[in-house]
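Results of the structural survey
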Amino acid sequence: MIDLHFTPTPNAQKISIALEELELPYRLITYDIFEGDQHTAEFGRINPNHKLPAIVDHDPAFGGGPHAVFESGAILQYLAEKTGRLLPTDPRQRSVAIQWLTWQVAGLGPMGGQAAHFIRYAPVTLDYAIQRYTNELNRLLLVLERRLGEAEYLAGNEFSIADIAIWPGRSTGSVMNVDLQADYPNTCRWFNQIAMRPGVIRGRDAEKAVPAKYLQRKADLTEEQRSNMFGERMLNAVRL
Ligand SMILES: N[C@@H](CCC(=O)N[C@@H](CS)C(=O)NCC(=O)O)C(=O)O
């Protein structure tokens, strides 16, 4: 049994999708990140970075008791290696899959996150910051579009954890007001194809198990919520 520490966001959804695709039994433990559930010392022992997602595998293949894993990319790789699935066995294709996985966690994810932050949450409108992050996000979306014009999936002809890492960020388009259908036809083809996979549908629906209030957040946060997400309370969780 695997514990999935979860909140309804694209990063955490990557893992519910992977677990469903791999048909691994898991228990969902939900966090309201706006209320600061992620800042407890108990969760810090599972994820020293105090962010979602994280997993605890109570039956790791290498034995020795429960094993905690944080960072969505590392979790995806861990689950793929545990099961021998969702990562190509051919070394060249496997390397390609890891490259696109890393591209998402180091580029597309953080740039999308910063663009969303300055568009939705910044208390003042900072044109330069918005322009900087939306330009970079646009560039990354073009890189994705070009890749999906030359290959069916990110790693080539096999669905892999690289696709799972990128697919849940579909809301990126709505942040940017991008018309995926018109402007990114290859990405759109890939997106719709993956959306039909039963495992992906079940993994996406994991968020139905979280209390509705988690999903009804607005951009104007209370002072406490802002502090939990971007301020003092967030820093206090990692202070010595
Ligand atoms: N690089 C991390 C990012 C994790 C992350 O930023 N998680 C967000 C939710 S998507 C979070 O926990 N935010 C709460 C906070 O910042 O306190 C990963 O890929 O797992």
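Everything discussed here concerns the structure shown above.
Residues numbered from 1 in each chain as written. Predicted model: local features only at pLDDT ≥ 70, side-chain atom pairs only at ≥ 80, totals over all residues. Heavy atoms only, no water.

This next bit is on the site of the ligand. Every residue lining the ligand is accounted for by Thr9, Asn11, Ile33, Gln38, His39, Lys51, Leu52, Pro53, Glu71, Ser72 and Asn228. For the ligand, an oxygen atom lies 2.5 Å from a polar atom in the side chain of Lys51. At a separation of 2.8 Å, a nitrogen atom of the ligand approaches a polar side-chain atom of Glu71. Broken down by class, the residue content of the shell around the ligand amounts to three nonpolar, six polar and two charged. (Near = heavy atom within 4 Å. Polar contact = N/O pair within 3.5 Å; in protein donor to acceptor, adjacent residues only side chain to side chain. Nonpolar A, V, L, I, M, F, W, Y, C, P; charged D, E, K, R; others polar.)

What the rule picks out here adds up to seven aromatic pairs. Judged by centre distance (5.0 Å) and plane angle (70 degrees), the rings of Trp100 and Trp103 are edge-to-face. Here the residue Trp100 and the residue Trp103 both occupy positions in helix α4 (residues 91-121), the gap between them amounting to three residues, near one helical turn. Summarising the burial analysis for this pair, Trp100 and Trp103 share the class buried. (Phe/Tyr/Trp six-rings, centres within 6.5 Å; stacked < 30°, edge-to-face > 60°. Helix = DSSP H or I, 4+ residues; strand = E, 2+ residues; numbered from the N terminus. Buried < 20%, exposed > 50% of the residue type's maximum accessible area, 1.4 Å probe, protein only.)

Here we take up the packing of helix α1 (residues 10-21) against helix α3 (residues 72-83). Contact geometry for α1 and α3: axes closest at 9 Å, N-to-C directions at 5 degrees. Our classification of the angle between α1 and α3 gives roughly parallel. Note on element contacts: α3 touches α1 through Ser72, Ile75, Leu76 and Leu79, opposite Asn11, Lys14, Ile15, Ala18 and Leu19. Broken down by class, the residue content of the contact of α1 with α3 amounts to six nonpolar, two polar and one charged. (Axes fitted to C-alpha atoms, helices over the stretch in contact; angles between N-to-C directions. Parallel < 35°, antiparallel > 145°, perpendicular 65-115°, else oblique. Contact = heavy atoms within 4.5 Å.)

Attention now goes to α1. An ideal rise of 1.5 Å per residue puts 16 Å on 12 residues; α1 measures up with 16 Å between its terminal C-alpha atoms. Most of α1 sits out of view: 10 of its 12 residues are buried. Buried within α1 we find Ala12, Gln13, Lys14, Ile15, Ser16, Ile17, Ala18, Leu19, Glu20 and Glu21. Just downstream of α1, Glu23 is the residue with a positive phi angle, here 55 degrees. (Expected span 1.5 Å × (residues − 1).)

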